[in-house]
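# Results of the structural survey
This is what each chain is made of:
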Amino acid sequence: MRKLAIGAALSGALALAGIAAPAASAATPNLVFSVVTVNKGKAIVVGTTKTVNVPVSYTLTRPADLVIDNKETFAAVILYRGTLRTLDNELDSAVMPVCTTTATTDTTVTESCTETIPVDPGDSLYEAADATTWKAAGLYAHFDGSVSDDYLSSESDVAMWGSLATVKVQRAAQLTADASPEPVAKGKTITVKGKLTRADWDAMAYKGYSGQKAVLQFRAESGKTYTNVKTITSGTGGALSTTVKASKSGYYRYVFAGTTTTAAATATGDYIKVK
């Protein structure tokens with residue numbers, strides 16, 4: 001399991017949590033994470049090279065006497081796959097959350113918090129199973145100890161509150177279209193080829209996505225919108241190929257609506273001149 005990135009002191013928090021399910025104890029203050037929104041409610045789409053920065057916002061209500069200094073005491077939201085008892089994978093922020101006080105009582109402080117969780121496909125995602133629905137958890141951790149060359153003492157208190165929100169993590173898809181021959185006489189046959197691929201986080205490359213429906217669309221040279229022509233299924237290696245009769249000059253493209261694990265994709269329209 002990866003180490004948490006929120007500061008060196010916090011890096012052992014999830015390792016500790018992996019030994020036993022974290023639960024609030026008498027020493028653990030009661031934190032309430034609410035109104036958790038991940039990536040503005042949209043799926044997180046990840047390719048093979050670019051880090052995707054995921055915004056997270058939430059409301060945190062904490063005891064008025066609890067000081068979160070981000071040195072010994074921490075609070076944040078993480079994303080995880082699996083359960084808190086058995087974390088299959090987790091994602092966390094590289095920097096501390098930014099919180100603004102919105103309300104106070106004699107016993108509590110309520111804050112509006114934001115943070116950014118970077119998703120680096122080369123570091124954060126390992127396998128096809130990561131393309132699924134993830135959950136958000138609120139994390140509290142406190143570390144208190146001293147260390148010198150000849151002495152080490154440390155006490156820790158970790159708690160997590162899970163299933164606060166959900167978000168899909170999807171593989172990015174790529175789609176191409178190539179119409180030929182060009183130019184072509186009116187009434188003759190046009191072949192439109194293409195390829196549907198998606199991110200493979202094991203190989204860190206885009207690989208063919210076969211057995212998927214793709215819609216061939218056409219836009220006339222003088223038109224502004226595309227219309228559906230036909231639907232075909234991707235073959236070996238994600239290959240696409242179909243034929244149509246040439247009627248007028250314009251652009252052909254393929255559109256893939258996406259699946260639960262893979263994001264939608266639209267090819268760039270390929271222009272063909274009809275004589």
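Heads up: these notes are all about the structure in this document. (Residues numbered from 1 in each chain as written. Predicted model: local features only at pLDDT ≥ 70, side-chain atom pairs only at ≥ 80, totals over all residues. Heavy atoms only, no water.)

What follows deals with the overall build of the protein chain. Assigned secondary structure in the protein chain consists of one helix and 20 strands. Compactness check: the protein chain gives a C-alpha radius of gyration of 25 Å against a globular reference of 19 Å for 275 residues, more than 25% above the reference. Buried positions account for 42% of the 275 residues belonging to the protein chain. At a minimum sequence separation of 6, the contacts of the protein chain that also span at least 24 residues come to 68%. Mean positive and mean negative side-chain charge positions of the protein chain (27 and 24 charges, respectively) differ by 25 Å. (Helix = DSSP H or I, 4+ residues; strand = E, 2+ residues; numbered from the N terminus. Rg over C-alpha atoms; globule rule 2.2 N^0.38 Å. Buried < 20%, exposed > 50% of the residue type's maximum accessible area, 1.4 Å probe, protein only. Contact = heavy atoms within 4.5 Å. Lys, Arg positive; Asp, Glu negative; His and termini not counted. Charge placed at Lys NZ, Arg CZ, Asp CG, Glu CD.)

For the coordinates displayed, the defined rule picks out one disulfide. Across the disulfide from Cys99 sits Cys113; the S-S distance is 2.1 Å. Every disulfide takes its handedness from the sign of the S-S torsion; for Cys99 and Cys113 that torsion is 115°, giving right-handed. You can see Cys99 sitting in strand 6 (residues 98-104) and its partner Cys113 sitting in strand 7 (residues 108-119), a full 14 residues away along the chain. (Disulfide = S-S within 2.5 Å.)

Before going further, it helps to examine the side chain of Ser93. Along the chain, Ser93 falls in the loop between strand 5 (87-91) and strand 6. One polar contact links the side chain of Ser93 to the main-chain carbonyl oxygen of Val95, over a distance of 2.5 Å. (Polar contact = N/O pair within 3.5 Å; in protein donor to acceptor, adjacent residues only side chain to side chain.)

This brings us to the environment of Val119. Structurally, Val119 is set in strand 7. For Val119, a relative accessible area of 1% translates into the label buried. Taking the C-alpha atoms as reference points, Val119 and Val46, separated by 73 residues in sequence, lie 7.7 Å from one another. Residues in contact with Val119, not counting those within four places in the same chain, are Ile44, Val46, Lys50, Thr51, Val52, Val54, Leu91, Ser124 and Leu125.

A cis geometry characterises the amide bond from Ser180 onward to Pro181, with omega recorded as -5°. Along the chain, Pro181 turns up in the loop between strand 12 (178-180) and strand 13 (189-200). Cis geometry is found at the peptide bond from Glu182 to Pro183, where omega equals 0°. Note that Pro183 resides in the loop between strand 12 and strand 13. In this model, Val35 sits at a positive phi of 50°, which is unusual for a non-glycine residue. For Val35, the location among the structural elements is in strand 1 (residues 32-38). Look at Val35 and you get exposed, because its relative accessible area is 62%. Positive phi outside glycine occurs at Asn70, with the angle close to 60°. Among the secondary structure elements, Asn70 is positioned in the loop between strand 3 (52-63) and strand 4 (73-82). What makes Asn70 partly exposed here is its relative accessible area of 28%.

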